[in-house]
Structure formats: structure tokens, C-alpha cells
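# Reading the structure
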Amino acid sequence: MAKTAAWQTPTELAYLAGFFDGEGYVGISTDYPKWAKGNYYLRLRVNITQKDKKVLEMVKTVYGGTLHRGKDNVYKWYVDGQKAIIFLKDLLPFLIIKKEQAELAIEFISL
């Protein structure tokens, strides 16, 4: 994915990793879409929730995904699948709290 905004230097990635460690989420969930006719699939999703949307807008510019405003003017950026893996791989060297979760997510997608 071509990067067109911040998050290009190690310093910027370290900042984003710290931000994600504190405000982010890594999860694998079961999805039952109607088109699957009773079957399900597993979906990897990462997100960041924050009251100030400035950083989330920058993240969306670089990594894609979706940004929306929820209750109490709290913003949530999220991305699924391969785009989530690109995000996690970029941050992996700098993560502390969510490092193990990121490694498991990357391994999950590779299976």
C-alpha cells in the first residue's frame, strides 16, 4: 500500500505503535453473512477508538479502512483482513502491549 501521509519514519511508526498500544484493538471474530447461507467465516479486525479524530484521519489516509463517529462523539477507525496485516506488520517492531496479539493475528492470516 502506498503511503501518502505520516507513518513513514521509524519515529512516526513508534508514535503510532504507542498510540495503538493504548487505544487500539486486535480481534478475530465470527461473521455470518446472509450470502453465506448459514456458513461463517473468521475475520481479523484492528481498530483504534479516540475522541480526537485527527490521528485517526491520518491513519485512514495511509492504511485505508473506515472512520466513523459513534456515541458521545467518540471516533473509531477500523480495517480488516490484509490491510490490517499491513498495519500490524508496520507497527510490530515498536509494539509492546499488543505485540503478542499482533504476532498471533499475522500468523492467523497466514494459515
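Below, the structure is looked at part by part. (Residues numbered from 1 in each chain as written. Predicted model: local features only at pLDDT ≥ 70, side-chain atom pairs only at ≥ 80, totals over all residues. Heavy atoms only, no water.)

## Description of the packing of aromatic side chains
Heads up, the rule is: Centre distance within 6.5 Å is the pairing criterion for rings of Phe, Tyr and Trp, where only the six-membered ring of Trp is used; planes under 30 degrees apart are then read as stacked, over 60 as edge-to-face, and the remainder as tilted. Helix and strand assignments follow DSSP, with helices taken as H or I runs no shorter than four residues and strands as E runs no shorter than two, numbered in order from the N terminus. Three exposure classes are used, based on accessible area relative to the maximum for each residue type with a 1.4 Å probe and protein chains only: buried under 20%, partly exposed in between, and exposed over 50%. For a ring to carry a charge above it, either NZ of a lysine or CZ of an arginine must fall within 6 Å of the ring centroid while also lying within 35 degrees of the normal to the ring plane.
A complete count under the given rule lists four aromatic pairs for this structure. When the centroid spacing of 6.1 Å and the interplanar angle of 25 degrees are considered together, the rings of Y15 and F19 count as stacked. Residue Y15 and its partner F19 are both found in helix 1 (residues 10-23); the two are separated by four residues, about one turn of the helix. On the accessibility criterion, Y15 (45% relative accessible area) is partly exposed. Arranged with centres 5.1 Å apart and planes meeting at 85 degrees, the rings of F20 and F87 form a pair that is edge-to-face. Of the two residues, F20 sits in helix 1 while F87 sits in helix 3 (residues 81-91), which places them 67 residues apart along the sequence. Three or more aromatic residues joined by ring pairs make a cluster, and in this case those are F20, Y63, W77 and F87. Above the face of the F20 ring, K98 is positioned so that its terminal group lies 6.0 Å from the ring centre.

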